[in-house]
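In case you want the letters, here they are:
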Amino acid sequence: MAAEREEPGRAPRACPGPCPCACPGPGHERGTARGGPSSALPAPGHGALERARRRLRQFDIGDRFSGLPLPRAAVLLPLMVRAGRLHLLLTVRSLQLRRSPGEVCFPGGKREDTDRDDIDTALREAKEEVGLQPEKVEVICRLMPGIDKMNNLVTPVVGFIEETFQVTPNPDEVSEVFVVPLEYFVKPLDYKSFSYKTSSGYSTRVHCFTYHDQEHRKSFKIWGLTAHFAVFLALVIFGERPTFEVDYDLDNLFSSSENYFTNLYASIHERKKSNL
């Protein structure tokens, strides 16, 4: 059964008894302050940016699901302020890659033995893929994880970066880098969705955005787990209803997102048991 957690804005409390989430203590809190000072970012008093920080920290899961018996991976969701609006940096996977070549994703990958946690994984991968130095990232939180088609537990790590960051893509892994206004993931101009049944038999909604990038003069398709994370990030920060349907109770976003994840995990766990 999923462990309960109070909704953002209320005092956190511990799980009511044993739970599968490896709780580090009451309320599951754990600090995620890592990275550098990000001195080029607007000062903490800057209204929109500070509100985003506060909202994100309310949704921080810390190490809550670290005990689940799944291979681990992490991605970095790099946010920047451009022209007074929040933007999200994304990459296009190199066509040389064996898995998902040419698809849009966030910098990230599988955990290595030298990584202390998901934050280390996300920062290391971002450095390897786009040349983003870890000290240039203001890490804010870890959001609710997802499970990819290889049954890896993927944790999204959210961090602010400077608008002046100069991308240096690793051509072996990344063919292009672009940014999208975060609000596009709640108010898109070109969107569709479809139902998808996982290998474990769990039915879910898949978001698919087409973003027409004026800077690159081309369109990018953003879908799957990448779109899932982008939508949830936008819902957390803006706190408003999107122009399309989502699989959450927007009045109880944290608890409904946790239910979504635990149901997905349970379907995989039950399938594994049935194959024993």
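Since this is a predicted model, take the numbers as computed values, not measurements.

Cut-offs applied
Residues numbered from 1 in each chain as written. Predicted model: local features only at pLDDT ≥ 70, side-chain atom pairs only at ≥ 80, totals over all residues. Heavy atoms only, no water. Helix = DSSP H or I, 4+ residues; strand = E, 2+ residues; numbered from the N terminus. Buried < 20%, exposed > 50% of the residue type's maximum accessible area, 1.4 Å probe, protein only. Areas by Shrake-Rupley, 256 points an atom, 1.4 Å probe, with all protein chains shown as cover. 1 Å grid on protein atoms, 1.4 Å probe; cavity = no way out; pocket = protein on both sides within 12 Å on 5 of 7 lines; lining within 4 Å. Points joined across faces, edges and corners; volume = space filled by probe spheres on them. Nonpolar A, V, L, I, M, F, W, Y, C, P; charged D, E, K, R; others polar. Patch = residues over 30% accessible without salt bridge, like charges linked within 9 Å, V, L, I, M, F, W, Y side chains within 5 Å. Salt bridge = Lys/Arg side-chain N within 4 Å of Asp/Glu carboxyl O. Lys, Arg positive; Asp, Glu negative; His and termini not counted. Charge placed at Lys NZ, Arg CZ, Asp CG, Glu CD. Axes fitted to C-alpha atoms, helices over the stretch in contact; angles between N-to-C directions. Parallel < 35°, antiparallel > 145°, perpendicular 65-115°, else oblique. Left-handed = near helix turned anticlockwise from the far one by under 90°. Contact = heavy atoms within 4.5 Å.

A. Fine view of the overall build of the protein. The secondary structure content of the protein amounts to four helices and 11 strands. Across the 276 residues in the protein, those meeting the buried criterion constitute 52%. For the protein, the accessible area works out to roughly 13,300 Å², and carbon and sulfur atoms hold 49% of it.

B. Seen up close, unusual backbone geometry. Of note, the phi angle at Ala83 is positive, near 55 degrees, even though the residue is not glycine. Mapped onto the elements of the fold, Ala83 is located in the loop between strand 1 (72-82) and strand 2 (85-93). Owing to a relative accessible area of 73%, Ala83 belongs among the exposed residues under this scheme.

C. How the structure looks around empty space enclosed by the protein. Evaluation of the coordinates by the stated rule reveals three cavities of 30 Å³ or more. When its volume is computed, the largest cavity comes out at roughly 70 Å³. Forming the boundary of the largest cavity are Met144, Pro145, Gly146, His228, Phe232, Tyr248, Ser257, Tyr260, Phe261 and Leu264. Going through the elements one at a time, helix 3 (224-238) and helix 4 (253-274) are the ones with two or more residues in the lining of the largest cavity. Broken down by element, the lining of the largest cavity gets its largest block of residues, four residues, from helix 4. By residue class, the composition of the lining of the largest cavity is seven nonpolar, three polar and no charged. In the lining of the second largest cavity, the residues fall into two nonpolar, two polar and two charged.

D. Molecular detail of a positive patch on the surface. Taken together, the side chains of Arg98, Arg99, Lys110 and Lys149 define a basic patch exposed on the protein surface. Examined against the element boundaries, Lys110 turns out to sit in strand 4 (residues 108-110). Residue Lys110 is classed as exposed on the basis of its relative accessible area, which comes to 52%.

E. Spatial organisation of the packing of helix 1 (residues 47-58) against helix 3. Contact geometry for helix 1 and helix 3: axes closest at 8 Å, N-to-C directions at 115 degrees. By the angle between their directions, the pair helix 1 and helix 3 is classed as roughly perpendicular. Once helix 1 is placed against helix 3, the crossing between them reads as right-handed. Facing helix 1, whose interface residues are Ala52, Arg55 and Leu56, helix 3 presents Leu233, Leu235, Val236 and Ile237. Of the residues assigned to the contact of helix 1 with helix 3, the class counts are six nonpolar, no polar and one charged.

F. Seen up close, the side chain of Glu129. Turning to its location among the elements, Glu129 is positioned in helix 2 (residues 118-130). For the buried residue Glu129, which engages in no salt bridge, the nearest side chain bearing the opposite charge is Arg93, 6.1 Å off. Setting aside residues up to four positions removed in sequence, Glu129 forms contacts with Phe106, Pro107, Gly108, Thr168, Pro169, Asn170, Glu173 and Val174.

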